[in-house]
Amino acid sequence: MRKRNIFFLLLLFFTLLFFFPLASWSQLVLGQYEDEAPFRTWNTLGIKTASSLGMGEIQFTLATDCSVALSNPALLTELPKITFSFNSSYHRASFFKYSIVNTGVLFSEKTLTDDFTAFDFIGISLRLSDWTFALNWSLLEVYDRPVADYQYMFQDTLYYSIYMNQQGRLNNLNFSLSRKLSKILSVGLGFNRVYGQLDREIIEVWAVDRVSISDNKSHEYSGYYFNAGLFLDLTDRFKVAAVFRTPYVKKSESQSVLSYNAPPGGTDITIEASSNDEYHQPLVLGFGASYQILKDFRVMSELTYFNWSKYEADYFGEIQQRDYKDVIKIGVGAEMVNSFTLFNQDFYLPWRAGFSYDPQPMKEPNSHYVYFTFGSGIHWKGLHFDTAVSIGRESGSGDALSTNRIAFSLSYQF
Amino acid sequence: MKKVIFFLLVFSFILLPLRSQSYSDTDIISVEKNQKIIRELQKMGLDFLMDWSERLYFVCNPTDLYRLQAEGISYVIETPNFYPYSQGDILIQGRINGAFHSYLELEADLMALEAAYPYLAKVVDIGDSLEGRNIYALKISDNVNLDESEAEVFFVGCHHAREWISVEVPYLLGKYLVENYESDPEIKSLVDSSEVWIVPLLNPDGLEYSIYFYRYWRKNRRNNGDGSYGVDLNRNYGYNWGYDDEGSSPIPSSQTYRGPSAFSEPEAQVIRAFFQQKNFQALITYHNYSQVILYPWGYTNMPSAKDELLEEIAAEMSEQMEAVNGNLYGYGQAGSTLYLTNGDMTDWSFGIYGIPSYTIELPPADVLHGGFFNAEREISSIFEENLPAALYLIHWSILNF
């Protein structure tokens, strides 16, 4: 009996060992916030303007404004003859482990937050005969991090300081065309050029010896991809959409300048490097459907697949370890529209709510965001003003990250 | 029909390959020529260069190398054999760490050295770091695949991640020995009569963090569980480990944190296991900065029983080093020359095995002249002035074997 127990315990022990994660290069894999990780989430497909954000980030199933060209250009055929839209947003997100913060150099007792406000979309669409064209610009990704600035003072004398700052933007210029192929089927294609930059700076100073070390890295991004979609207007109530974005290479002309400066010793050492780097962005596939339950009430849902397992980051000539998995983002939303008359004018008030499940691609930690979104607006004739808020919470990393966004958009439809 | 054609055109256009091939940062590699591998390679569409001496040669970019690794196809980096070897630095320039080696660059260069001098050099994976990187030892000897009854000497670099120069000196020592074997009778004699073991990079995890995140990272990458990271590998050896809190620290966030127990770190365990298999006569562990030669004891300022011998060897090494560039390397017992250290490698190797053990703190001499930071152009001169000390210690080991 005793031998059996020992055998059982050994079996249990080795079984548990089998399930233990293998050793990995974990400390160089930060998880959510690698240097090249976008602010908030890795999963970007076009941009969510206010009307989209309010409905659980539903963005390629309904023709809300001309930003749909960035995710599903087929929906352009559903817009009025001319549509002009722009959007601005306020973003706030918390960070815990990024760059030199909470990876061994600088410690924070709790998560750090960063925010920014940006004018992030402007676009126009125009229908000529059976064709609809659109030209859009959007702020696709942001790479900002909370600034870390530590100073050690003693008796009003600065002895040591360390400063870290990272900022970056990726812009997207889109040209799309679409066409209605039949009463129920529309297709569309978009050509997208991305461009932007990322700059990271770490400066460390030992004031007494007048020694400083600075580490500057800058990246100029460029690349292009296509996105396409179709839209099926199956019945008055039921519509479906399917989209895809090609995988693409985000190229980077990267520069690194690492320097050590000690004027009292006449020391000025610099190590400079430049490289043509590549970030292999994933294929994206999406499927969505909407259903008009009542005349003024509809629901919709989208599934978006990101092929992150093919992601590669080639950074200064070395392929970085990014052990990523494919993910499917899920969005569910609803919209109800009220109307009222004021000064003999008809006004419409959309009320929107939604939910989105946004798994992040890294295998370790297995992390995801859940967003609850709400939105409203006022529509008068062709003028649409919309606003939305998204409240997101992360779980899985143990860092309890949060992300919030408020968006405002204005569209004029002729 | 027009609509269908439009639809097909649109989608076939999208499916055109979007990625163009980049030929920057390419390497020439060779793989064994056999039918199974040829079938695998045909699928991968590599840039074929030539078929020579039962091996196939290709031009590969980093992505290709990654794919080969993923497919489990072993390859040899041949690039150095296609250029004059003096251009070695050019191959690694342009990287983020300049002319200094990263983990992958060192791995490739060690493999290239083995491939270029298979009868003299052999790369052995002696264990893994905490994060799973290989710790490589380069063996240099005649009949390198045999374990002969010869003097064994050990050189190790990069206990401390930020001391990038400490990777270069032992690596260049290995390179010098094999490259000058045929042309220099003195080198031939040393290599024929000894087995030189070189571990240029003991702390690969720390080095990578130092390259990619924070230049002045020192320790390994142990998550201490209190928000701090890293154990000082050169305070983790098991001879008088934790003797006091001056020569090492019990505080995890300290730069000299000795770890929760002696040999708690896999990197130190690898060295212990390796020493158990060998019979070393002497060793040098490279660090920087200070420009001094240190010998045991480090944990106390009391001299060891072999103090005279240790000093005599150090004095000879110092004299020979000064003769190269005129740079004086001071020398003395570690505990009374620089500062107290306990749990360091030389106390352990001297305390357990009784062998002459030296820490060479490479240039610069002080923080105002660079501290842990060396210019790329200094690599050669620092190596050259350290070469006679290493050769002298090999020679001494042969004589005392």
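An account of the accompanying structure is given in this report. From a predicted model like this one, the values you see are computed outputs, not experimental measurements. Each residue is numbered by its place in its chain's sequence as written, counting from 1. Chain letters and ligand numbers both follow the written order, the letters beginning at A and the numbers at 1. Side-chain atom pairs in this predicted model are given and counted only at pLDDT of 80 or more, local residue features only at pLDDT of at least 70, and totals for whole chains, interfaces and linings cover all residues.

Turning to the overall build of chain A, a few remarks are in order. Scanning chain A from N- to C-terminus turns up two helices and 19 strands. Dimensions of chain A along its principal axes, counting C-alpha atoms only, are 75 × 75 × 40 Å. For chain A, the residues scored as buried account for 46% of the 414 residues in total. Here the contact rule is simple: place C-beta atoms from the backbone, and any two residues whose C-beta atoms are within 7 Å are in contact. Residue pairs in contact within chain A that sit at least 24 positions apart in sequence constitute 65% of those at least 6 positions apart. Helical segments are the DSSP runs of H or I of at least four residues, strand segments are the runs of E of at least two, and each set is numbered from the N terminus. Any residue with 12 or fewer other C-beta atoms within 10 Å of its own C-beta is exposed, any with 20 or more is buried, and the rest are partly exposed; the C-beta atoms used are placed from the backbone.

Further remarks concern the overall build of chain B. Scanning chain B for helices and strands turns up 14 helices and twelve strands. The buried share among the 401 residues of chain B stands at 49%. Of the contacts formed within chain B by residues at least 6 apart in sequence, a portion of 75% connects residues at least 24 apart.

Here we come to the packing of helix α11 (residues 307-325) of chain B against helix α14 (residues 378-399) of chain B. Residue and element names in this part refer to chain B. Only the contacting stretch of a helix is used when fitting its axis, a line to C-alpha atoms as for every element, and angles between N-to-C directions run 0 to 180 degrees. Here α11 crosses α14 at 145 degrees, and the two axes come no closer than 8 Å. Our pair here, α11 against α14, has a crossing hand that is right-handed. Between α11 and α14, the residues in contact are Ile 313, Glu 316, Met 317, Gln 320, Met 321, Val 324 and Asn 325 and Ser 381, Glu 384, Glu 385, Asn 386, Pro 388, Ala 389, Tyr 392, Leu 393 and Trp 396, respectively. Any residue that is not Ala, Val, Leu, Ile, Met, Phe, Trp, Tyr, Cys, Pro, Asp, Glu, Lys or Arg is counted as polar, Gly included; the first ten are nonpolar and the last four charged. Classifying every residue of the contact of α11 with α14 by side-chain character gives nine nonpolar, four polar and three charged. Left-handed describes a crossing whose near helix is turned anticlockwise from the far helix through less than a right angle; right-handed describes the clockwise counterpart.

This part takes up the sheet that holds strand β11 (residues 330-333) of chain B. All names here are of chain B. We call two strands paired when DSSP finds no fewer than two bridges between them. The mixed open sheet is built from eight strands, whose spatial order is β5-β6-β8-β7-β9-β12-β10-β11. Two strands in the sheet have a free side with no partner beyond their single neighbour: β5 (121-128) and β11. Averaged over neighbouring strand pairs, the angle between their axes works out to 20 degrees when direction is ignored. Where strand β7 (residues 151-157) meets strand β9 (residues 280-288), six bridges bridge the pair, whose relative direction is parallel. Bridge pairing in β9 places Phe 155 opposite Ile 284. Most of the contacts of helix α6 (residues 103-116) go to β5, to which it runs at about 145 degrees, and overall it touches β5 and β6 (134-140).

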